[in-house]
Amino acid sequence: MLGPISRPSSFAPRGLPLQRSAAAQFDEVVAIEVTRLEKRLPQVVARVEFAIEDVPTLELDATEIPLTHATGGTSHEPYRIVVFRRPIELRAERSGAGLAWLVRSALVLELADVLALSPEQIDPEFDTDEE
């Protein structure tokens, strides 16, 4: 931001941005949801590494844009779940769903798939129709 509003003041001390970027807000939502899952299932989430990327790399013949992607899970490496920021943000805007709900749903569904559990075993409050 440029101009007088971006100058340090009692409302925005030096070094403190007036607003966080969309990426920073998204990172915070993911961190909150991962922490919530970690409190519920600490031994399960401890075996998973989480990451955030802006967009997935797609094949030319892809018919669907994923919200998450999981890899790993071998004896030498933990599971790695990547959450894709832009597809989730765009779907939240289009559908009217809350960003936190969509991130939570995507994480629960991916964890359930990776660990061969039901979404309700990962999160007893899981509801695919909630918006």
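Look up: the structure comes first, before these words.
Residues numbered from 1 in each chain as written. Predicted model: local features only at pLDDT ≥ 70, side-chain atom pairs only at ≥ 80, totals over all residues. Heavy atoms only, no water.

*Asks:* Can you explain the side chain of arginine 85? Please cite residues and give values.
*Replies:* Inspection of the secondary structure puts arginine 85 in helix α3 (residues 85-95). Reaching out from arginine 85, the side chain makes a polar contact with the side chain of aspartate 54 at a distance of 2.9 Å. Apart from residues lying up to four places away in sequence, arginine 85 is in contact with Ala22, Ala23, Phe26, Ile52, Glu53 and Asp54. (Helix = DSSP H or I, 4+ residues; strand = E, 2+ residues; numbered from the N terminus. Polar contact = N/O pair within 3.5 Å; in protein donor to acceptor, adjacent residues only side chain to side chain. Contact = heavy atoms within 4.5 Å.)

*Asks:* Account for the side chain of arginine 104, with residues named and values stated.
*Replies:* Along the chain, arginine 104 turns up in helix α4 (residues 99-115). Among the residues examined, arginine 104 registers a relative accessible area of 16% and is labelled buried. Within the local environment of arginine 104, its side chain forms a polar contact with the side chain of glutamate 125, the two groups lying 3.3 Å apart. (Buried < 20%, exposed > 50% of the residue type's maximum accessible area, 1.4 Å probe, protein only.)

*Asks:* Could you give me a rundown of the packing of α3 against α4, with the residues and numbers involved?
*Replies:* α4 packs onto α3 with a crossing angle of 130 degrees between their chain directions and a minimal axis gap of 9 Å. In terms of axis orientation, α3 runs oblique to α4. Both α3 and α4 take part in a crossing whose hand is right-handed. Residue-level contacts link Ile88, Glu89, Arg91 and Ala92 of α3 to Leu99, Leu102, Val103 and Ala106 of α4. (Axes fitted to C-alpha atoms, helices over the stretch in contact; angles between N-to-C directions. Parallel < 35°, antiparallel > 145°, perpendicular 65-115°, else oblique. Left-handed = near helix turned anticlockwise from the far one by under 90°.)

None of the figures reported here should be taken as evidence of function without further support.
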